[in-house]
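For reference, the chains in residue letters:
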Amino acid sequence: MSLEERIILAIEEIGFDEYVKIPTTEIIFSDAVFAQCAKNICGNYGQNHSCPPRSGTREENAARFLKYENAIVLNKLVTLGRRYEIMDESGQTPRSMLEELREKLKGEEARVAGGGGCRICPECSAKTDEPCLYPDERQYSMEGSGMDIVSLSRKLKMTYNAGNNRLGFFSIVLY
């Protein structure tokens, strides 16, 4: 079984709602998306080694993805609540699925990225201005790397906003 077949099998076993295989050259990067991180909407800016500015420039971040030839863009649709607490809770399912995918692909020549900063450590050492404890396993953010998920999802005809408070949580596997 090829690496691609093993990745797709893992994706299907875990239960993502959509996935599309693309060459990495089709990934859309945007300076505007990267610049959004500086507004610190998610709270990770400067507080996580996998997010800006600690993760490098937008070009350095994009280069991490583009060193691979192929990618599979994944989506899990979730229902969001009206309050932030419920919205955050809604993200637990796709985050758990992403961790399960990382575990299934451990040891493979593949990199998995999702939304938000790295969650390997309970408290990122960036918060105390210390070096990353696991630089080779660091989990990079798609948006924090400058990836334009909205434009990419439209280009790939994937569901970003499904209506009725249903939204897509995107991830990507590079290989």
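Reading the values: rules and limits
Residues numbered from 1 in each chain as written. Predicted model: local features only at pLDDT ≥ 70, side-chain atom pairs only at ≥ 80, totals over all residues. Heavy atoms only, no water. Helix = DSSP H or I, 4+ residues; strand = E, 2+ residues; numbered from the N terminus. Buried < 20%, exposed > 50% of the residue type's maximum accessible area, 1.4 Å probe, protein only. Contact = heavy atoms within 4.5 Å. Arc of directions from axis to C-beta. Patch = residues over 30% accessible without salt bridge, like charges linked within 9 Å, V, L, I, M, F, W, Y side chains within 5 Å. Areas by Shrake-Rupley, 256 points an atom, 1.4 Å probe, with all protein chains shown as cover. Salt bridge = Lys/Arg side-chain N within 4 Å of Asp/Glu carboxyl O. pLDDT = per-residue confidence, 0-100. Phe/Tyr/Trp six-rings, centres within 6.5 Å; stacked < 30°, edge-to-face > 60°. Lys NZ or Arg CZ within 6 Å of the ring centre and 35° of its normal.

## Thoughts on the side chain of R102
The topology assignment puts R102 in helix 5 (residues 92–104). Take R102: its relative accessible area is 16%, and that puts it in the buried class. Contact partners of R102, with chain neighbours within four places excluded, come to V112, A113, G114 and Q139.

## Description of the environment of F65
Its place among the elements puts F65 in helix 3 (residues 58–66). By relative accessible area, which is 3% here, F65 ends up buried. Distance in space between the C-alpha atoms of F65 and S145 is 8.8 Å, their sequence separation being 80 residues. Non-local contacts of F65, meaning those with residues more than four positions away in its chain, are made with T24, I27, F29, A113, S141, M142, S145, M147, I172 and L174.

## Quick word on helix 3
Within helix 3, burial applies to R58, N61, A62, R64 and F65. Buried positions in helix 3, seen along its axis, are confined to an arc of 145° and lie on one side of it.

## Details of unusual backbone geometry
Residues P52 and P53 are joined by a peptide bond in cis, for which omega reads -5°. Along the polypeptide, P53 turns up in the loop between helix 2 (31–36) and helix 3. You will see that K157, though not glycine, has its phi angle at about 60°, which is positive. With respect to the helices and strands, K157 occurs in the loop between helix 6 (149–155) and strand 4 (161–163). Positive phi values are uncommon outside glycine, yet N165 reaches one of about 65°. Locating N165 in the fold gives a position in the loop between strand 4 and strand 5 (166–174). Note on N165: relative accessible area 36%, which makes it partly exposed.

## With respect to the environment of A63
Secondary-structure assignment places A63 in helix 3. Linking A63 and M147, residues 84 residues apart in sequence, is a C-alpha distance of 11 Å.

## Thoughts on a nonpolar patch on the surface
Taken together, I120, L133 and Y134 make up a surface patch of nonpolar side chains, about 290 Å² in accessible area. Position of Y134 among the secondary structure elements: in the loop between strand 3 (111–113) and helix 6.

## Some thoughts on the confidence of the model for the protein
Here the protein shows a mean pLDDT of 91. Residues at 70 or above account for 94%. Considering each helix and strand of the protein separately, the mean pLDDT is smallest for helix 4 (residues 84–90), with a value of 50, and largest for strand 1 (residues 18–23), with 98.

## Observations regarding the packing of aromatic side chains
Throughout the structure, instances matching the rule amount to two aromatic pairs. Ring plane angle 55° and centroid distance 6.1 Å describe the contact between F29 and F65, whose orientation is recorded as tilted. Placement of F29 in the loop between strand 1 and helix 2 and of F65 in helix 3 is noted, with a sequence separation of 36 residues between them. Each member of the pair, F29 as well as F65, is classed as buried. Seen from their ring centres, Y160 and F170 are 6.1 Å apart, and the 15° between their planes marks the pair as stacked. Residue Y160 is found in the loop between helix 6 and strand 4, and its partner F170 is found in strand 5; the two are separated by ten residues along the sequence. Its relative accessible area of 32% is what places Y160 among the partly exposed residues. Here R64 stacks its cationic end above the ring of Y140, 4.0 Å away from the centre of that ring.

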